[in-house]
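Each chain is listed here by its residues.
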Amino acid sequence: MTRKLYQEDVYKKECESTVVDIQGSGTAGAPFVLVLDETIFFPTGGGQPCDLGTIDGIPLTEVYEKDGVVFHKLLPFSQENQDQTSIAKWKVGGRASCVLDWERRFEHMQRHCGEHILSGIFFRECGGVNRGFHMGSGYMTIDIDLPGITWEEAQRIETMTNEVIWANVPVTTRYYEDRAEAEKLPLRKALTVDEDISIVSVGDESNPADCVACCGTHPSTSGQVGLLKVLKLENYKGMTRVYFKAGREALIDYQNKHRVLSELHVKYSSDDNDLLVKMNVQDEKNKEVRQELNLMKNTLIGKAIDEILSNYGTAELKKEGHRISSPWLLIREYPYFQVNNLLTISKALTEKLAGPKPLIALVSTRENIVILATSGKHDCGKIVKDNAHVWRGKGGGNAAGARVMFPSRDDLDCFITFVSQVCQNAK
Ligand SMILES: [Zn+2]
C-alpha cells in the first residue's frame, strides 16, 4: 500500500520518496512506471482527474491506483527530452524527488469542492441526489435525480452555494473504520463501502452544507473555491443535468465573457441593459437590406434571362462580338452574380431556349467559377472531369450541368477557349 501524503496534508507540494518498484524501460512502448513508498500525487478516481508534476524532473503523464498501490507513469524518452536519461537512474530502494503541479491540483480542489457544495445544497433544498459527476476539461456536470429543475430554482441554489463559499466554513475529512459510526452523520448518499471510509463535510457537521463519502482532494475552507457559476440545465434520463464551473475556471470564463460583451458594447454603442434591443434593431435593418438586395438581384437575373432568350442566335448579337462562338455555344460573364444566381439563369435557359440546344457557359468573374449546362448533346460533367485539371480547375457535375472553379482568371479563360474549340469541332 502506498502512503498517501495528500490525505495527511493536501497542501504538500514536494516530497522525497523511496522507490519500491520500477516497471518499463522509458521507451514510448514501455514508459517507466514507478511505485513509491509514499506519494503527494492523487491518482485518478471518484470523478477527479489525477495530479501531474515531475519525478526527478521527468514529467508524469498519468497517476493511477490499484489495490491501494499508486502507480506513477512517466513521459517516455524521445529526441526532445533525451537529456533526461541521465537523471532517470532509479533503483529500488533509491530516492526520488516528487514535485506537484500545484496549479492543476488546486484547480481540481476548487472544482471538486464546488461540486460538493452545489450537490449538498441541491440535496438540502430540493431533496435531489447527485447520481453522476463529470469533471471535464472545460466544465463540470452533475446529474440531480429530479426531472425538470427550473432555471430560477437553479439560480437560487447557485446563490446559496456561493453564500456557503463566502462564509468560508471549514472543509474537513474524517476517516472511519466503522460503517455504523460514519452512518450517524447526515450523509447525502448511502455508503457503499464497509471500512476505510473517508467522510468529507463542508461546514458544521451538525448542519453541513454537504456531508458525503469522498476520497478526493479538497481545500481546507470553502472560501478557497472562490466562485461557482451554473451554466445550463438539460433533461437527462429523467434527471436534470447541471453544467457549471468553479474556482479559477469560473473566473476565466467570466473574463472571457466580459471581453466578448465589451466588444459587442463598442460595436453596438450599448450597455448590458440595451445590447439585446440594439442587436434586434440591427437584425431588422439587415433583414430589410437583404430583402431589397434579393429583389434587385432577382430583377437583374430576370433581365439577364430575357436578354439571352430574345437575342441568342441573332445575327445582330454575333456582330457585336459578345462571347458567342457559334449557335452551339453560349457564353456570358457576370461580375455581380453568385453561383446560385448563375444556376438559376442556366436552368431557365436550358428549359426555354428555342432552336438548337447549345452548351451554356456562365462565368462568375468575381469567383472565377464557370457553370456549364445544356439540354443538348454535350456532357458537361465529362468536359470538366477530362479537361479542367489542365488549368488547375476543381469541380464536377453530370451530363446536364457542372461547375468548376479556377485559381486565376487566366486559367479560366484558357478553359473557356478550349470549350469553344470543342463546340466548334462538334458543330
Ligand atoms: Zn470530494
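Everything here concerns the structure above.
This is a predicted model, so every value here is computed, not measured.

About the criteria used
- Residues numbered from 1 in each chain as written.
- Predicted model: local features only at pLDDT ≥ 70, side-chain atom pairs only at ≥ 80, totals over all residues.
- Heavy atoms only, no water.
- 1 Å grid on protein atoms, 1.4 Å probe; cavity = no way out; pocket = protein on both sides within 12 Å on 5 of 7 lines; lining within 4 Å.
- Points joined across faces, edges and corners; volume = space filled by probe spheres on them.
- Helix = DSSP H or I, 4+ residues; strand = E, 2+ residues; numbered from the N terminus.
- Nonpolar A, V, L, I, M, F, W, Y, C, P; charged D, E, K, R; others polar.
- Donors = N, O, S within 2.8 Å, 3.2 Å for Na, K, Ca; no water.
- Tetrahedral: all angles 85-135°; square planar, octahedral: opposite > 155°, others 65-115°.
- Pairing = 2+ DSSP bridges.
- Axes fitted to C-alpha atoms, helices over the stretch in contact; angles between N-to-C directions.
- Salt bridge = Lys/Arg side-chain N within 4 Å of Asp/Glu carboxyl O.
- Buried < 20%, exposed > 50% of the residue type's maximum accessible area, 1.4 Å probe, protein only.
- Polar contact = N/O pair within 3.5 Å; in protein donor to acceptor, adjacent residues only side chain to side chain.
- Core = buried A, V, L, I, M, F, W, Y, C linked by side-chain atoms within 4.5 Å.
- Contact = heavy atoms within 4.5 Å.
- Patch = residues over 30% accessible without salt bridge, like charges linked within 9 Å, V, L, I, M, F, W, Y side chains within 5 Å.
- Areas by Shrake-Rupley, 256 points an atom, 1.4 Å probe, with all protein chains shown as cover.
- Lys, Arg positive; Asp, Glu negative; His and termini not counted.
- Charge placed at Lys NZ, Arg CZ, Asp CG, Glu CD.
- Expected span 1.5 Å × (residues − 1).

Draft legend 1. The layout of surface pockets, seen in detail. In this structure, the largest pocket spans a volume of roughly 970 Å³. Broken down by secondary-structure element, the contributors of at least two residues to the lining of the largest pocket are strand S1 (3-4), helix H1 (5-8), helix H2 (102-126), strand S9 (130-135), strand S11 (171-176), strand S12 (197-202) and strand S13 (210-213). Its residues assigned to classes, the lining of the largest pocket comprises 15 nonpolar, 14 polar and ten charged.

Draft legend 2. Inspection of the coordination of the zinc ion at higher detail. Protein-derived coordination of the zinc ion comes from His112 (NE2), His116 (NE2), Cys214 (SG) and His218 (NE2), at a distance range of 1.9 to 2.1 Å. Of note is the zinc ion, whose four donor atoms meet at the metal with angles of 97 to 121° in an arrangement that counts as tetrahedral.

Draft legend 3. Structural detail: the sheet that holds strand S6 (residues 58-66). Overall, antiparallel pairing links the six strands, which are arranged S2-S3-S7-S6-S5-S8 in a closed barrel. Across the sheet, the axes of successive neighbouring strands diverge by a mean angle of 45°, strand direction being ignored. Sheet analysis places S6 next to strand S7 (residues 69-74), joined by six bridges and oriented antiparallel. Directly across from Glu62, in S7, lies its bridge partner Lys73.

Draft legend 4. Just the pattern of salt bridges, in detail. Applying the stated criterion to the full structure yields 29 salt bridges. Put simply, Arg179 and Glu183 hold a salt bridge, and the shortest N to O gap is 3.0 Å. Among the residues examined, Arg179 registers a relative accessible area of 25% and is labelled partly exposed. For the salt bridge of Glu333 with Arg409, the shortest nitrogen-to-oxygen distance reads 2.8 Å. In this pair, Glu333 is assigned in strand S16 (residues 329-334) and Arg409 in helix H10 (residues 409-426), connecting sequence segments 76 residues apart. Since its relative accessible area comes to 30%, Glu333 is described here as partly exposed. Taking relative accessible area as the criterion, Arg409 reaches 28% and is therefore assigned partly exposed. When salt bridges that share partners are traced, they join Arg124, Glu125, Glu153 and Arg156 into one network.

Draft legend 5. Here's a closer look at the sheet that holds S13. Strands sit in the order S11-S12-S13 across an open sheet of three strands; the sheet is antiparallel. Strand pairing shows two members of the sheet lacking a second neighbour, S11 and S13, which therefore form its edges. Each neighbouring strand pair of the sheet contributes to a mean axis angle of 20°, computed without reference to strand direction.

Draft legend 6. Spotlight on helix H9 (residues 380-387). Listing the buried residues of H9 in full gives Cys380, Gly381, Ile383, Val384 and Asn387. Near the N-terminus of H9, the side chain that reaches the backbone nitrogen of Gly381, with its oxygen 3.2 Å away, is that of Asp379.

Draft legend 7. Inspection of the nonpolar core at higher detail. Formed by 25 residues in total, the largest nonpolar core has its most connected members in Ile117, Leu118 and Phe122. Listed by contribution, the elements that provide at least two residues to this core are H2, strand S10 (140-144), helix H3 (151-166), S12, strand S14 (228-236) and strand S15 (239-246). What Phe122 contacts, discounting residues up to four positions off in sequence, is Gly127, Gly128, Ile142, Ile144, Ile149, Ile157 and Val242.

Draft legend 8. Looking closely at a negative patch on the surface. Taken together, the side chains of Glu177, Asp178, Glu195 and Asp196 make up a negatively charged region of the molecular surface. Relative to the helices and strands, Asp178 resides in the loop between S11 and helix H4 (179-182).

Draft legend 9. Region of the structure containing helix H8 (residues 339-352). Taking 1.5 Å as the rise per residue, H8 with 14 residues should run 20 Å; its terminal C-alpha atoms sit 20 Å apart, in good agreement. Of all the positions in H8, only Val339, Asn341, Leu342, Ile345, Ser346, Ala348, Leu349 and Thr350 are classed as buried. Check the buried side of H8 and you find it contacts helix H6 (275-311), S16, strand S17 (359-364), strand S18 (369-373) and strand S20 (401-405).

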